[in-house]
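So the chains spell out like this:
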Amino acid sequence: MMIFCSAQIPYQIYNNALEEYYENKLELASELLKKVNYNNDQNLEYRVKSLLYVIADEMLDNFILIAENHSINYQIEYYKSIGNITPKIKGAINKRLSLLYLKRGDSLLNKGNYEEAYEYYKYAYTIETSNEEQIKIKFNNLIIAILNDAYKLLQNKDNLIAYEKLSFAKDISSENNNINYFIDFIKIEIWSSGIAFKS
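Description of the structure in this document. This structure is a prediction, so every number in the text was calculated from the model and none was measured. (Residues numbered from 1 in each chain as written. Predicted model: local features only at pLDDT ≥ 70, side-chain atom pairs only at ≥ 80, totals over all residues. Heavy atoms only, no water.)

**Observations regarding unusual backbone geometry**
Point 1. The phi angle at Asn39 is positive, at roughly 50°, despite the residue not being glycine.
Point 2. The residue Asn39 is located in the loop between α2 (26–33) and α3 (42–66) in this model.
Point 3. Although it is not a glycine, Asn40 adopts a positive phi angle of roughly 65°.
Point 4. Secondary-structure assignment places Asn40 in the loop between α2 and α3.
Point 5. Classification of Asn40 as exposed rests on a relative accessible area of 78%. (Helix = DSSP H or I, 4+ residues; strand = E, 2+ residues; numbered from the N terminus. Buried < 20%, exposed > 50% of the residue type's maximum accessible area, 1.4 Å probe, protein only.)

Next comes the structure, spelled out in structure tokens:
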């Protein structure tokens with residue numbers, strides 16, 4: 001009798017999750033479903049995974065409608081939480097996250113936080129390679145902004161800070177070969193000021 005009762009627990013949890021789903025308590029339903037032990041029951045496993053996908057898809061659709069009401073950081077974390085519900089939703093989530101990483105990177109770039117901006121652009125590229133051309137443009141903008149800062153610093157005789165910025169630009173310039181002539185130009189200016197540039 002005890003064995004029979006124990007064997008019914010996964011089905012009871014599934015049924016409880018189903019009730020929560022019908023009451024539109026999607027997060028609670030997903031949490032319950034993750035507690036289900038399939039016990040090699042392929043039918044139950046299929047039902048659980050199918051419902052998890054339905055829940056994640058509904059949560060995604062619902063959040064898209066109100067996402068702009070929240071900060072970028074909140075959107076990123078919420079989309080990640082949806083992505084953790086089921087791997088089947090990862091593709092759609094990654095596309096959203098990639099755009100948010102680019103947006104966050106742009107915000108940091110505008111504030112002069114170049115290294116953080118670079119990290120977010122890298123995040124975007126890592127999870128969603130179909131955005132490759134757009135991300136290359138972002139890298140271009142980032143490197144040009146760094147070089148502009150370095151040149152302004154050079155004009156103000158802040159050669160050491162200019163050198164540091166140029167070094168960072170050089171480190172990430174492999175993301176795009178079209179800006180190398182900017183780097184070469186500033187390197188010449190720094191050389192002329194008496195600071196050696198390390199290859």
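**Quick notes on α3**
Point 1. When the terminal C-alpha atoms of α3 are compared, their 37 Å separation across 25 residues agrees well with the 36 Å that a helix rising 1.5 Å per residue should span.
Point 2. Within the sequence span of α3, burial applies to Leu44, Val48, Leu51, Leu52, Ile55, Ala56, Met59, Leu60 and Phe63.
Point 3. The N-capping residue of α3, defined by a side-chain oxygen 3.1 Å from the backbone nitrogen of Asn43, is Asp41. (Expected span 1.5 Å × (residues − 1). Polar contact = N/O pair within 3.5 Å; in protein donor to acceptor, adjacent residues only side chain to side chain.)

**Re the nonpolar core**
Point 1. Within the largest apolar cluster, 50 residues are counted, with the highest numbers of intra-cluster contacts made by Leu33, Ile55, Tyr79, Ile82 and Leu142.
Point 2. When residues of this core are traced back to their parent elements, those giving at least two are α1 (2–22), α2, α3, α4 (72–83), α5 (90–110), α6 (114–127), α7 (132–155) and α8 (159–172).
Point 3. For this core, the element with the highest residue contribution is α3, accounting for nine residues.
Point 4. Apart from the residues lying within four places of it in its own chain, the contact partners of Leu33 are Tyr14, Ala17, Val48, Leu51, Leu52 and Ile55. (Core = buried A, V, L, I, M, F, W, Y, C linked by side-chain atoms within 4.5 Å. Contact = heavy atoms within 4.5 Å.)

**Quick look at α7**
Point 1. In a regular helix each residue adds 1.5 Å, so 24 residues correspond to 34 Å; α7 covers 35 Å between its end C-alpha atoms and thus fits that length.
Point 2. When we look at burial in α7, the residues that qualify are Ile135, Lys138, Phe139, Asn140, Leu142, Ile143, Ala145, Ile146, Leu147, Ala150, Leu153 and Leu154.
Point 3. In the segment just after α7, Lys157 is the residue with positive phi, at about 70°.

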